[in-house]
Each structure stands twice: as structure tokens, then as C-alpha cells.
Amino acid sequence: MKKYDAVALGELLIDFTESGISSQGNPVYEANPGGAPCNVLAMLNKLGRKTAFIGKVGDDIFGNKLKTVLNGLGIDTSNLVMDRDVRTTLAFVETLPDGDRDFSFYRNPGADMMLKKEELREDILKEAEIFHFGTLSMTHEEVREATRRAVDLAKKSGALISFDPNLRPPLWNSLEDAKEQASYGFSRCDILKISDNEIKWFTGEEDFDAGVRKLKDRYDIPLIMLTMGSEGSRTYYRDLRIEAAPFLQASTVETTGAGDTFGACCLHFVLKYGLRNLDERKLTEMLNFANAAASIVTTRKGALRVMPDVGEITALADTRKPYFAG
């Protein structure tokens, strides 16, 4: 057994999310800790998993706040680098009428872009059962080198590689560059979490099954989870294709972190059962549990600090069928 169930590398930032209107009629924003990789780790910690984060923040008000939050959640921060010269990345998040989001990033540069391969703690990477990453740590050359070095070290040490493209077009010089880096992630991962919009963008296929077939034929990814928003989710594993309905709630306020919560729950089931030992029952259980967790997060502002616990998720999942996280 390795020391960490999951290690993630990538962006850690502040999401400024809308939180009402001031007495003067101006929008009020709340500073929520965020960043997709740490959202994943926060949910895994709620499920009893041991996790560690690799990344960089500024040695500033927000960076120190983020480190304190991660420590409070039980996420190992011994490879969280504090940069005295570059500020912590900020993102302003606007919630659209349909519940989707629009992002404005303050990252030119941001500290998360400045992680160097020499700053990686190899001992942490070698102690990971699962290594998780996305494309935002590959938008610029220096952090791209660090990401690829981390993937290589983790893979050589026997870790399963988990990848989530997490496409954010404003952060790329070109979407062709984004496709190239996503292709690298697909080529290295054992577990892929991808959204409906992302699979259309990458494969050019409107039909999701056709898009997944393209990915499987080109990259031979063992386990693919597809999120479809209000349409639920699917998983593709060997010759199985399983779909699960969403848990729609009238109290939904935003979708920030829903995909990360879903992905973390799927990683929890891979850790529980093993990647080679999945079957229709286990995958159906996984999707329903993950859908329930993602649904709960949409009823809360932010994500990293408000992940649901096992009891909450199971209670909602059990309204459909008695699944359990174990």
C-alpha cells in the first residue's frame, strides 16, 4: 500500500463568485478557494482517502489562505510551493441563467503557471496510487514540463493516471494548442473524466458514443466517464456502456465543482474495487453515487470547502436504489 490514495497537480486559486447585490446596486463577490485538482482531492478526503497536492501559489494573502484551507481539509501541502514574486491566480465566475458559468481569469502570469519540474517532490509522486491532472497545468511551457515530468514519475511508480481536460478557452493562446495538450493527456491516462462539450470539441462528433469510440480507438483508455449536465452521465469500460440519470434539484444555485465532485467519486470506486475488477453492477453503483454527490454540490456556493459527506450522498443515492460508498 502506498502512502497516498491520490495525488493531484495543477491550479489552486481563488474563485470570486457572485454573492448578491450591494446597497449601491453593485455585484458582491465571495472569495471561494478553488481549482479543479484540489476540488477532486477535497471530495476524496471526505470519502476517507489520503491525498496530497502539488502546485504553486503566491506568498500573499490569498496563497496563505489557500494553504490554510487545504491543511484544514487534511490535504497534504508539503509540495505546495509559495512564490514570493508572482501572485496567486484569481478567477471571477459569473453564473449564467441556465446555471452554467463564464470565467474571467487574472493569470498573466499567475503563480500556478510558474511551477518548475525541479520543484516536484519525487517521493510524493512515487507514493501515489492515483495521479490526477488536467490541461490547465499545461498552458505554458514551464509548468507543462513539470506536469509531464510528474506524469512520468507517477506512471513509472505504478500509479494509475487520471485525466480531466477541464477546458477553459480564455487561458489558451489557441485551441489547437489546447487540443495538442489534451491529446497528450488522453495518451497517458488510464481513467478519463470528460464533459459533453469537451468531447464534441475534441472529436468533432455530435453523437457522444461516436466521440468516445474515436477516443478509445486512438488512445485505448480503459475507463471513460462522460458527464452530460442535466442529462446525467455515462461510463465506458471494455464492452460496457452504462448510463445513469441525474439527481435534479430545484435548489441548484451553480455548477462550480460538480464535475470535479463527480470525478472524485469515480476515483473513489476505482480505489475501492480496482481498475481491472469493475463490472456492470459496480459501475452503475459508481455513477449513481457520483451523480448524487455532484447534485448536492450544485446546491452550494463554491466547491472545495463544501463537499458533501458520505451520509449525505448515500441518502440521496438511496432514493433511487440502495447504493453505498463503503
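Scope of this entry: the structure provided in the associated data block. Numbering of residues starts from 1 in each chain and follows the order in which that chain's sequence is written. Local features in this predicted model are restricted to residues of pLDDT 70 or higher, and side-chain atom pairs are both shown and tallied only at a pLDDT of 80 or more, whereas totals for entire chains, interfaces and linings draw on every residue. Side-chain numbers come from the whole structure's heavy atoms, not from hydrogens or water.

Structurally, Arg107 can be placed in the loop between strand E7 (101–106) and helix H3 (122–125). Between N or O atoms, a polar contact is any pair within 3.5 Å; within protein, one atom must be a potential hydrogen donor and the other a potential acceptor, and residues adjacent in sequence are included only when both atoms are from side chains. There is a polar contact of 2.8 Å between the side chain of Arg107 and the side chain of Asp112. Within the structure, the side chain of Arg107 is placed 3.1 Å from the side chain of Thr139, a separation counted as a polar contact. Note on definitions: a residue-residue contact is assigned when non-hydrogen atoms from the two residues lie within 4.5 Å. Residues within four places of Arg107 in sequence aside, it is in contact with Thr89, Asp112, Met113, Leu136, Thr139, His140 and Leu171. Numbering of helices and strands starts at the N terminus; helices are DSSP runs of H or I of at least 4 residues and strands are runs of E of at least 2.

With that settled, consider the pattern of salt bridges. Salt bridges are counted wherever a side-chain nitrogen of Lys or Arg sits within 4 Å of a carboxyl oxygen of Asp or Glu. Counted by the stated rule, this structure contains 21 salt bridges. One salt bridge connects Lys200 with Glu206, and the closest N-O pair in it is separated by 3.7 Å. Lys200 sits in the partly exposed class, given a relative accessible area of 30%. Residues participating in the shared-partner salt-bridge network are Asp209, Arg234, Arg241 and Glu243. Categorising residues by exposure relies on relative accessible area from a 1.4 Å probe, with only protein chains included: less than 20% of the type maximum marks a residue as buried, more than 50% marks it as exposed, and the intermediate range marks it as partly exposed.

Ordered in space as E5-E4-E1-E8-E9-E10-E11-E12-E13, the nine strands form an open sheet in which the pairing is mixed. Only two strands of the sheet have a single neighbouring strand rather than two, namely strand E5 (76–83) and strand E13 (240–244). Taking the axes of each pair of neighbouring strands and ignoring which way they run, one obtains an average angle of 15 degrees across the sheet. Strands were regarded as paired on the criterion that DSSP finds at least two bridges between them. In this structure, strand E11 (residues 223–227) lies alongside strand E12 (residues 233–237), joined through five bridges in antiparallel fashion. From the neighbouring strand, Ile224 faces E12, where its bridge partner is Tyr236. Here an angle of 0 to 180 degrees is reported between the N-to-C directions of two axes, which are lines fitted to C-alpha atoms, with helices fitted over the stretch in contact.

What follows is about the packing of aromatic side chains. Any pair of Phe, Tyr and Trp rings, taking the six-membered ring for Trp, is counted once the centres come within 6.5 Å. Such a pair is stacked with planes under 30 degrees apart, edge-to-face with planes over 60 apart, and tilted for the rest. Within this structure, the stated rule accounts for 15 aromatic pairs. Aromatic pair Phe16 and Phe62: ring centres 5.8 Å apart, planes at 90 degrees, arrangement edge-to-face. Of this pair, Phe16 sits in strand E2 (residues 13–21) while Phe62 sits in helix H2 (residues 61–73), placing them 46 residues apart in sequence. When its relative accessible area of 12% is taken as the criterion, Phe16 is described as buried.

Time to look at the side chain of Glu198. By the secondary structure assignment, Glu198 is in helix H6 (residues 196–203). Residues scored as charged are limited to Lys and Arg (positive) and Asp and Glu (negative), so that His and the chain ends carry no count. As a buried residue without a salt bridge, Glu198 has its nearest oppositely charged side chain in Lys193, at a separation of 5.1 Å. Contacts of Glu198, omitting those with residues within four sequence positions, involve Asp164, Pro165, Asn166 and Leu167.

Another point: helix H9 (residues 280–297). For H9, built from 18 residues, the straight-helix expectation of 26 Å at 1.5 Å per residue is met to within 8% by its first-to-last C-alpha distance of 26 Å. Most of H9 sits inside the fold, with 15 of its 18 residues counted as buried. With a side-chain oxygen lying 3.2 Å from the backbone nitrogen of Arg281, the N-terminal cap of H9 falls on Asp279. For a helix, the expected span equals 1.5 Å multiplied by the residue count minus one.

Below, the discussion takes up the environment of Ile75. By secondary structure assignment, the location of Ile75 is in the loop between H2 and E5. For Ile75, a relative accessible area of 2% corresponds to the buried category. When the C-alpha positions of Ile75 and Arg49 are compared, they lie 9.6 Å apart, and in sequence the two are 26 residues distant. Among residues more than four places away in sequence, those in contact with Ile75 are Cys38, Leu41, Ala42, Asn45, Thr51, Ala52, Phe53 and Leu70.

Of all eight residues making up E5, six are buried, and the element is well covered by its neighbours. Direction of pairing for strand E4 (residues 51–58) relative to E5: parallel, over a ladder of six bridges. Bridge pairing in E5 links Ala52 to Asp76. Crossover handedness for the path E4 to H2 to E5: right-handed. By convention, orient the strands away from the viewer: a clockwise path from the first strand over the helix to the second makes the crossover right-handed.

For residues other than glycine, phi is negative in most cases, and the peptide bonds are mostly trans. The step from Asn108 to Pro109 runs through a cis peptide bond, and the omega angle for that step is 0 degrees. Even without being a glycine, Arg238 presents a positive backbone phi close to 55 degrees. With respect to the element layout, Arg238 can be found in the loop between E12 and E13. Judged by relative accessible area, which is 55%, Arg238 ranks as exposed.

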